[in-house]
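# Fold and contact review
Below are the chains, spelled out letter by letter.
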Amino acid sequence: MKMTKETLAQPFSPARVVLLAKNRALEDLPAFGIGAGILAGINLLTIIITGRAMMNGSNGEFWAAVISIAGFLLAATAFKGMHDGRAGTEWILLPATSLEKYAAAMIFYAIVYPVVAAAAASALSALLSLVELAAGGAGGRIWNPLSAGFDGWINYATGALIFAAGSATFRKRAFIKTAGVGIAYALVCMGLLLVGMYLVRKVQGLPLPFTGSFQNEMNFSGDISPSAQRAMDVIMQIVRYALIPLFALFYGYFRVAEKEARDEVQ
C-alpha cells in the first residue's frame, strides 16, 4: 500500500481507507472467483439435468441468500489477521490508524461487496438464462438485485456489521460464535417480548398469555390496542434499524482499537 507524505500527515485519510479497502478486495478476490465458479457449475448441471437454472427459479431468493451468507462469512474473517501471531504484527505495522482500518472493513463488507456481488450475480443470472434458452428451456428469468427490497439489503448490512464485530471479538471460529451470540440475543428478545405482552394484557384486563389454546397464543398480538401495537412497532423498528447496527459498529471499533493499543504496548 503506497502512501505519500501528505497522506501520512493526515489524522484520517479517505485515501488510506480506499487503499485498505482495495487490499481487502484483492485478498478476497480468489474466494469470490471460486464461489462464482461453483455457482455457475451447479446451475449448469441443473440446466443439463432439468433444463432450468436452479438459482433463476422463483423470484431469485437463492441469489440474495448466497450473497448474504458469503458476505457474512467474509465479514467474520475481517479481522482474523489482527489476532494471529505474525499476521498480527503485519496488521499493526500497516500505515493507517485503527479507525481507518476499521472503516475500510465496514465500507467494503457492508457496501462495496454487496454491490459488486449483486452486479456479478445479475450478470451470471443473465448468462445462465441464455444458456438455459439455448438448451431448450424457458429462459428469460434474470435476477434483479432490487427485488431483494430495501429491507433485504439493510438486513444484510446489519448482519455484516454484526459478523465483523464478531471477527474483532473472537480469535477463532468467529462466524460460529457470533451466530451463537445472535441466537441467544434473539431468544432474550423473544422472552422480553412475551413479558411485555404479559404486562400489556394485564394492564388492559385481557386474558394472560399461555392460558388459552395454542392458536390463540400465536395470535395474541391481535388483542392489543392499536396505540400499543404502534408503540411496539416503533420500538422494534428503532431496535432493528438503529440500536443493533450502531451497537455492532461502535463495539467492533472499540475492540479493534483496544487490541491494537494492547499489541503496541507489548
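Keep in mind that what you see is a predicted model, and the values were worked out from it rather than measured. (Residues numbered from 1 in each chain as written. Predicted model: local features only at pLDDT ≥ 70, side-chain atom pairs only at ≥ 80, totals over all residues. Heavy atoms only, no water.)

### Brief notes about the overall build of the chain
If you tally the helices and strands in the chain, you get 10 helices and zero strands. The linear arrangement of helices and strands in the chain, starting from the amino end, is α-α-α-α-α-α-α-α-α-α. Burial statistics for the chain: of 266 residues in total, 34% are counted as buried. Here the contacts in the chain between residues at least 6 apart in sequence split such that 67% fall between residues at least 24 apart. Approximately 15600 Å² of the chain is accessible, and the part contributed by carbon and sulfur atoms is 71%. (Helix = DSSP H or I, 4+ residues; strand = E, 2+ residues; numbered from the N terminus. Buried < 20%, exposed > 50% of the residue type's maximum accessible area, 1.4 Å probe, protein only. Contact = heavy atoms within 4.5 Å. Areas by Shrake-Rupley, 256 points an atom, 1.4 Å probe, with all protein chains shown as cover.)

### Remarks on the nonpolar core
Counting 37 residues, the largest nonpolar core has W63, I67, F79, M106, Y109, Y113 and V256 as the members making the most contacts within it. Where this core is concerned, the elements lending two or more residues are α2 (14-50), α3 (61-75), α6 (98-134), α7 (149-169) and α10 (226-265). It is α6 that provides the largest number of residues to this core, a total of 12 residues. Here W63 is in contact with L39, M55, N56, A121, L124, S125, L128 and W143, once residues within four sequence places are set aside. Residues V17, L20, A21 and A103 belong to the second largest nonpolar core, which totals six residues. (Core = buried A, V, L, I, M, F, W, Y, C linked by side-chain atoms within 4.5 Å.)

### Things to note about the packing of α3 against α6
Put simply, α3 and α6 touch, their axes get as near as 10 Å, and they point 145° apart. Judged by the sense of rotation from one axis to the other, the crossing of α3 with α6 is right-handed. Between α3 and α6, the residues in contact are W63, I67, A70, G71, L74 and A75 and Y109, Y113, A117, A118, A121, L124, S125 and L128, respectively. For the contact of α3 with α6, a count of residues per class yields 12 nonpolar, two polar and no charged. (Axes fitted to C-alpha atoms, helices over the stretch in contact; angles between N-to-C directions. Left-handed = near helix turned anticlockwise from the far one by under 90°. Nonpolar A, V, L, I, M, F, W, Y, C, P; charged D, E, K, R; others polar.)

### Topic: the packing of aromatic side chains
Considering all chains together, one arrives at 11 aromatic pairs under this definition. When the centroid spacing of 5.4 Å and the interplanar angle of 55° are considered together, the rings of Y253 and F254 count as tilted. Look at Y253 and you get partly exposed, because its relative accessible area is 22%. Residue classification places F254 among the exposed positions, given a relative accessible area of 52%. Cluster of aromatic residues (ring-pair linked, three or more members): F32, F72, Y113, Y156, F163 and F175. Over the ring of F79 we find R24; its NZ or CZ atom is 5.6 Å from the centre of that ring. (Phe/Tyr/Trp six-rings, centres within 6.5 Å; stacked < 30°, edge-to-face > 60°. Lys NZ or Arg CZ within 6 Å of the ring centre and 35° of its normal.)

### A short note on the side chain of T46
Structurally, T46 can be placed in helix α2. Separated by 3.0 Å, the side chain of T46 and the backbone oxygen of R52 make a polar contact. Of the polar contacts made by the side chain of T46, one reaches the backbone nitrogen of M54; its length is 3.1 Å. Apart from the residues lying within four places of it in its own chain, the contact partners of T46 are G51, R52, A53 and M54. (Polar contact = N/O pair within 3.5 Å; in protein donor to acceptor, adjacent residues only side chain to side chain.)

### Considering the pattern of salt bridges
Across all of its chains, the model carries three salt bridges by this definition. Between E100 and R16 there is a salt bridge, with its nearest N and O atoms 2.6 Å apart. Of this pair, E100 sits in helix α6 while R16 sits in helix α2, placing them 84 residues apart in sequence. R16 shares its class with E100; the two are buried. (Salt bridge = Lys/Arg side-chain N within 4 Å of Asp/Glu carboxyl O.)

### Let's talk about α2
Bending of α2 peaks at approximately 45° at the position of D28, with proline P30 no more than four residues after it. Where α2 is concerned, the buried positions are R16, V17, L20, A21, R24, D28, L39, A40, N43, T46 and I47. (Bend = angle between axes of the 7 residues up to and from the residue.)

### Structural notes on a nonpolar patch on the surface
Judged by side-chain polarity, I34, I38, I42, M54 and F62 come together as a nonpolar surface patch covering roughly 460 Å² of accessible area. A per-element tally of the nonpolar patch places α2 first, with three residues. Along the chain, the position of I34 falls in helix α2. Overall, the relative accessible area of 54% leaves I34 in the exposed class. (Patch = residues over 30% accessible without salt bridge, like charges linked within 9 Å, V, L, I, M, F, W, Y side chains within 5 Å.)

### Some remarks on a positive patch on the surface
On the surface, a cluster of positive charge is made up of R171, K172, R173 and K177. Here R171 shows up in the loop between α7 and α8 (174-204). (Lys, Arg positive; Asp, Glu negative; His and termini not counted. Charge placed at Lys NZ, Arg CZ, Asp CG, Glu CD.)

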